[in-house]
Amino acid sequence: MIVSLVYLVFHYSFIDDCLDAYIVTACLHLLDLSDIDEISSRKQTLFDILPKEEQNSFISQISKVILEKYIKIPNDLPTLSTETATMDTQKRQIEAMFDNRQQRYVCEVCDKQYKTANDLQRHLKDQHLWNITENSGVNIP
Ligand SMILES: [Zn+2]
């Protein structure tokens, strides 16, 4: 129970971080910026002296473009959960290859032995063409 809760929190914060980074990147891309400190060529001139309503509409216009152009949550959400599910499945499969008696990870395909889950993961990727999800979080001591 606690373990699944930890996984849940891990996945939540992982997705949360992704979204934050994604939105920042979307802003940079939209405003033609290569760096977060750069000044946009699409900067609204004299933004500070505009009336509040115009400031708001400028910001909400940018937000809308970002939402429509970059985010489209309804399309991306199934992909995201599929990837998360794949991560979980791979993690469980690798955990299942741990041999308690030998205290080693044993490849289920070719019986090669590895000390760490990461080594086995690399082996599965290189030798058995596993499609390992980047940052799969497989980190078993
Ligand atoms: Zn193998």
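Residues numbered from 1 in each chain as written. Predicted model: local features only at pLDDT ≥ 70, side-chain atom pairs only at ≥ 80, totals over all residues.

Undergrad: Which residues make up the overall build of the chain, and what are the values?
TA: Per the secondary structure count, the chain includes four helices and three strands. Start at the N end of the chain and walk to the C end: the helices and strands fall as α-α-α-β-β-β-α. Taking all 141 residues of the chain together, 5% fall into the buried category. A separation of at least 24 residues holds for 37% of the contacts in the chain among residues at least 6 apart in sequence. (Helix = DSSP H or I, 4+ residues; strand = E, 2+ residues; numbered from the N terminus. Buried ≥ 20, exposed ≤ 12 C-beta atoms within 10 Å, placed from the backbone. Contact = placed C-beta atoms within 7 Å.)

Undergrad: Can you break down unusual backbone geometry residue by residue, with the values?
TA: A positive phi angle is found at Q103, which is not glycine, with a value near 55°. Here Q103 shows up in the loop between β1 (98-99) and β2 (104-106).

Undergrad: Residues and numbers for the sheet that holds β1, please.
TA: Here we have three strands laid out as an open sheet, ordered β1-β2-β3, and antiparallel in their pairing. Each edge of the open sheet is held by one strand with a lone partner, namely β1 and β3 (113-114). The pairing of β2 with β3 spans two bridges and is classified as antiparallel. Bridge pairing in β3 places V106 opposite Q113. (Pairing = 2+ DSSP bridges.)

Undergrad: So, the environment of M87: which residues are in play, and what are the values?
TA: By the secondary structure assignment, M87 is in helix α3 (residues 73-96). Between the alpha carbons of M87 and I132 there is a distance of 8.0 Å; along the sequence they are 45 residues apart.

Undergrad: For helix α4 (residues 117-127), give the residues involved together with the corresponding values.
TA: Considered for burial, the residues of α4 that qualify are L120, Q121 and L124. Looking straight down α4, one finds its buried side chains confined to an arc of 105°; they lie on one side. For α4, exposure combined with an orientation more than 90 degrees from the buried face picks out D126 and Q127. (Arc of directions from axis to C-beta.)

Undergrad: Can you tell me about the UniProt feature "domain: C2H2-type" (unreviewed entry) in the chain, naming the residues and giving the values?
TA: Here the UniProt-annotated "domain: C2H2-type" (unreviewed entry) positions come out as residues 105-128. Helix makes up 46% of residues 105-128 and strand 17%, whereas the separation of the span's terminal C-alpha atoms amounts to 15 Å. (UniProt positions renumbered as here; feature names shortened; annotations may be inferred.)

Undergrad: Lay out the confidence of the model for the chain with the relevant residues and their values.
TA: With 59% of its residues at a pLDDT of 70 or more, the chain shows a mean pLDDT of 74. The weakest mean pLDDT in the chain belongs to helix α1 (residues 2-30) at 64; the strongest belongs to β2 at 97. (pLDDT = per-residue confidence, 0-100.)

Undergrad: Tell me about the environment of D111, residues and numbers included.
TA: Within the fold, D111 resides in the loop between β2 and β3. Taking the number of C-beta atoms within 10 Å as the measure of exposure, D111 has 7 and is therefore exposed. With 14 residues separating them in the primary sequence, D111 and M97 have C-alpha atoms 9.7 Å apart.

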